[in-house]
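A structural walkthrough
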Amino acid sequence: MKRNIRLVGLLVVFLVAFSPLFAAYEGLSVATSYPSLNVSSTDMITFDLKVKSYNLAPQRVDLSLSGLPNGWDYQFVGGGGLVNAVFAEPESTASVQLWVIPSKVSKEATYNFTINAKGEDGASFSLPLTVTMGKQLPQRLALSTELPTIKGDPSSSFSFQVTLRNNSASDTLIDLYADVPQGFSASFKEQYGSSNLNTLSLGAGLSRSIQVTVTPPEGVSEGTYPITVQAKSSGAQASVPVTLDVQGQAKLSLSGKDGLLSSSAVAGKEKVLDLELKNSGSATAKKVELSSYTPSNWTVSYNPSVVEEIPAGQTVVVKATVKPSTEALTGDYSLTLKANSANAGNVSTQYRITVQTSSLWGIVSIVIIAAAAVLLVFAVKKFGRR
């Protein structure tokens, strides 16, 4: 029990001894977010001020500036006009701006001056300010993208977004470039714009999304192609690397040998045709199946009927055996020859066959005609005498 009483006593002594440290602040304050500035020009400098009263009666607070260099001028501005004082209410904040108009300086120099606030009841507060003049702020640019690798086929353009940020203290004029492989081309547009963009002005601290479109040359090979998007201003530059992954695409064509698309055949007899199956794409065509659409009672077979692979730029010769119908009449007939690949799609071509009837039928016809003629002569001789 005695021990507890001693502890309470010590606590009371401690609170009495240090009570001034815990007492609420009474008085005025003047604050600004940036009391020390570096500026590169002699344009007007603006400080946003907040004047606050702590536990004081409502009162007028006069404002002044001391220590300003010779030739400099200043103004306090509030409510759209020039002011020399603000009214401070308890626990409230009065906002006012300080405009400082410096004189021309020929070299970098630092200047110190003080804002003074004085209330009617004698309360006061001073805020020192520092301005360094003539210091050239470096320009800084930044480029970034969320997709460092873009995939696509050789026949399409590659589009992606980059974010350009101006990390400078002033508006900056920026040129856009793209370092691309030979034969490729690049263009720039705003994210939701339609016109090409090569130069833009970007405000201090702002960013903008730019759409980059890279078009590969015709017949580009499968592979990866590095490009670099660049942004340049008079005093800074930034770049971001992007890789284009050109995925190969097979492209088939089917024709007769040497490009011929016609031949002749005899009704009911087989005719072997040489066909050229060509892959003019940039990737291997896989599992190419051959088929056809023919007139009624015709047949077409292929050797081979399935070509497992045709490398890019290669041609395979396929034998097609065509057999016209035995009932086919002399004339021209059209066949549809088709090739289907798992990764190259379908292709087809029209092939014309001129059908001739068999010579045996010609001989039979001649014999029939001759026999008819003999019978006719015999009939005339026999019955003509009567």
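These numbers were taken from a predicted model, which means no experiment stands behind them.

Section: the sheet that holds strand β20 (residues 252-256)
With respect to topology, four strands assemble into an open sheet ordered β20-β22-β26-β24, the strand pairing being antiparallel. Strands with a single pairing partner mark the edges of an open sheet, and in this sheet they are β20 and β24 (299-303). For this sheet the average axis-to-axis angle between neighbouring strands, irrespective of direction, equals 30°. Across eight bridges, the pairing between strand β22 (residues 271-279) and strand β26 (residues 315-323) is antiparallel. Of the residues in β26, the one forming a bridge with Asp-274 is Lys-319.

Quick notes on the pattern of salt bridges
Under the counting rule described, the total for this entry stands at four salt bridges. Among the salt bridges present, the one from Asp-62 reaches Arg-60, with a minimum N-O distance of 2.7 Å. On the basis of relative accessibility, which here comes to 34%, the residue Asp-62 falls in the partly exposed class. You can call Arg-60 partly exposed: its relative accessible area is 44%. Among the ionic pairs, Asp-274 bridges to Lys-319, the shortest N-O distance being 2.6 Å. Pair noted here: Asp-274 is in strand β22 and Lys-319 is in strand β26, with a separation of 45 residues, a long-range link.

Topic: the confidence of the model for the protein
For the protein, mean pLDDT is 85; residues scoring 70 or higher make up 86% of the total. This model gives residues 18-23 a pLDDT under 50, and the stretch forms zero contacts once residues within four places in sequence are excluded.

Examining the packing of aromatic side chains
One pass over the full model with this rule turns up five aromatic pairs. For the ring pair Tyr-74 and Phe-76, a centre distance of 5.7 Å and an interplane angle of 80° mean the geometry is edge-to-face. Looking at Tyr-74, the relative accessible area reads 29%, which means it is partly exposed. Exposure remark for Phe-76: the relative accessible area of 2% places this residue in the buried category. Taking 5.1 Å as the distance between ring centres and 45° as the angle between the ring planes, the aromatic pair formed by Trp-298 and Tyr-333 counts as tilted. You can see Trp-298 sitting in the loop between β23 (285-293) and β24 and its partner Tyr-333 sitting in strand β27 (residues 331-341), a full 35 residues away along the chain. Take Trp-298: its relative accessible area is 7%, and that puts it in the buried class. Each residue in the set Trp-72, Tyr-111 and Phe-113 is aromatic and connected to the rest through ring pairs, giving one cluster. Sitting above the plane of the Tyr-177 ring, Lys-232 keeps its charged end 5.1 Å from the centroid.

Details of the side chain of Ser-29
Within the fold, Ser-29 resides in strand β1 (residues 27-31). Not counting the four nearest positions on each side in its chain, Ser-29 is found in contact with Lys-50, Val-51, Lys-52, Tyr-54 and Phe-125.

Definitions and limits used
- Residues numbered from 1 in each chain as written.
- Predicted model: local features only at pLDDT ≥ 70, side-chain atom pairs only at ≥ 80, totals over all residues.
- Heavy atoms only, no water.
- Pairing = 2+ DSSP bridges.
- Helix = DSSP H or I, 4+ residues; strand = E, 2+ residues; numbered from the N terminus.
- Axes fitted to C-alpha atoms, helices over the stretch in contact; angles between N-to-C directions.
- Salt bridge = Lys/Arg side-chain N within 4 Å of Asp/Glu carboxyl O.
- Buried < 20%, exposed > 50% of the residue type's maximum accessible area, 1.4 Å probe, protein only.
- pLDDT = per-residue confidence, 0-100.
- Contact = heavy atoms within 4.5 Å.
- Phe/Tyr/Trp six-rings, centres within 6.5 Å; stacked < 30°, edge-to-face > 60°.
- Lys NZ or Arg CZ within 6 Å of the ring centre and 35° of its normal.

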